[in-house]
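# Observations on the three-dimensional arrangement
Here is what each chain is made of, one letter per residue.
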Amino acid sequence: MPASLCGTWDMISNVNLEGYMIALGISPFIRKIALRLKLRKVIEQQGDQYIIKTTSNFRNYTVSFRVGQEFQEFTQGLDNKHVKSLVTWEGNKLVCEQIGEKKNRGWAHWIEDDKLHLELYCEGEVCKQVFKKNANE
Ligand code: ECB
């Protein structure tokens, strides 16, 4: 059983968000704003049902899904695309495949050294983010 992803997590590093956003087709103006954001993840779980909230003082994004059950995702406030998503466990990684206009799109979350790790990928670009558990938990 992998370590729980649940909790409130604050971003401590963010590598190549720019490349990921360019691959998604985000405008230079929005990219400049997004690069400055301190992102927070709030992850809740009930059985196989997950809710992942990404928050910032600019925009928020929430996705909810059941592991192993394909769903329609609308990336509202990100690149505003409709994708067909599927989240599965691959070893200790919670992996999401997002099928749509962009090739090789998805993300993976895992716990390592008490930190929440995230890789966001799109068309060969990989953004790597690390989050530490919020001190108030
Ligand atoms: C929601 C806060 C980010 C707002 C940035 C606004 C516009 C930039 C548009 C696209 C940039 C793409 C990603 C920004 C970085 C993170 C946002 C959520 C990434 C994501 O898909 O997280 C997954 C895995 O935790 C769950 O949705």
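Before any of the text, the structure's been laid out above.
Residues numbered from 1 in each chain as written. Predicted model: local features only at pLDDT ≥ 70, side-chain atom pairs only at ≥ 80, totals over all residues. Heavy atoms only, no water.

## Some thoughts on the sheet that holds strand β10 (residues 125–133)
Stated precisely, the cut-off is as follows: Any two strands with at least two DSSP-identified bridges between them are counted as paired. Going along the chain from the N terminus, every DSSP run of H or I of four or more residues is numbered as a helix, and every run of E of two or more is numbered as a strand. Every axis corresponds to a line fitted to the C-alpha atoms, with the helix fit spanning only the stretch in contact, and the corresponding angles, defined between N-to-C directions, vary from 0 to 180 degrees. The contact criterion used is simple: two residues touch if any of their non-hydrogen atoms lie within 4.5 Å.
Judged by pairing direction, the sheet is antiparallel, and its ten strands sit side by side in the order β4-β3-β2-β1-β10-β9-β8-β7-β6-β5 without closing on themselves. Among the strands making up the open sheet, the edge pair consists of β4 (61–66) and β5 (71–74). On average, adjacent strands in this sheet sit at an angle of 25° to one another, irrespective of strand direction. In terms of strand pairing, strand β2 (residues 40–46) meets strand β3 (residues 49–55) through seven bridges, oriented antiparallel. Bridge pairing in β3 links Lys41 to Thr54. Running over the sheet, helix α1 (residues 17–24) touches β1 (7–15), β9 (115–122) and β10 and is turned about 130° from β10.

## Quick notes on the nonpolar core
As a rule of thumb, nonpolar side chains are buried together in soluble globular proteins. Note the threshold: The definition of a nonpolar core used throughout is a set of buried Ala, Val, Leu, Ile, Met, Phe, Trp, Tyr and Cys residues joined through side-chain atoms within 4.5 Å. Residue exposure (1.4 Å probe, protein chains only): buried if accessible area is under 20% of the type maximum, exposed if over 50%, otherwise partly exposed.
Membership of the largest hydrophobic core comes to 32 residues, with the highest contact counts inside it found for Phe65, Leu94 and Trp107. Excluding residues that lie within four positions of it along the chain, Trp107 makes contacts with Ile52, Phe65, Val87, Leu94, Val95, Cys96, Gln98, Leu118, Glu119, Leu120 and Tyr121.

## Some points on the packing of aromatic side chains
The test is simple: Ring pairs are drawn from Phe, Tyr and Trp, using the six-membered ring of Trp, whenever the two centres fall within 6.5 Å, and their geometry is named by plane angle: stacked under 30 degrees, edge-to-face over 60, tilted for the rest. By definition here, charges over rings are those cases where NZ of Lys or CZ of Arg is within 6 Å of the ring centre and within 35 degrees of the ring normal.
Under the criterion given, the structure shown has three aromatic pairs. Judged by centre distance (5.8 Å) and plane angle (15°), the ring pair of Phe65 and Phe71 falls under stacked. Of the two residues, Phe65 and Phe71, neither departs from the other in class, the shared state being buried. Here the aromatic cluster, defined as three or more aromatic residues joined through ring pairs, consists of Tyr50, Phe65, Phe71 and Trp107. Directly above the aromatic system of Trp110 lies the positively charged group of Lys93, at a separation of 4.1 Å from the ring centroid.

Geometric values such as these leave the question of function open.
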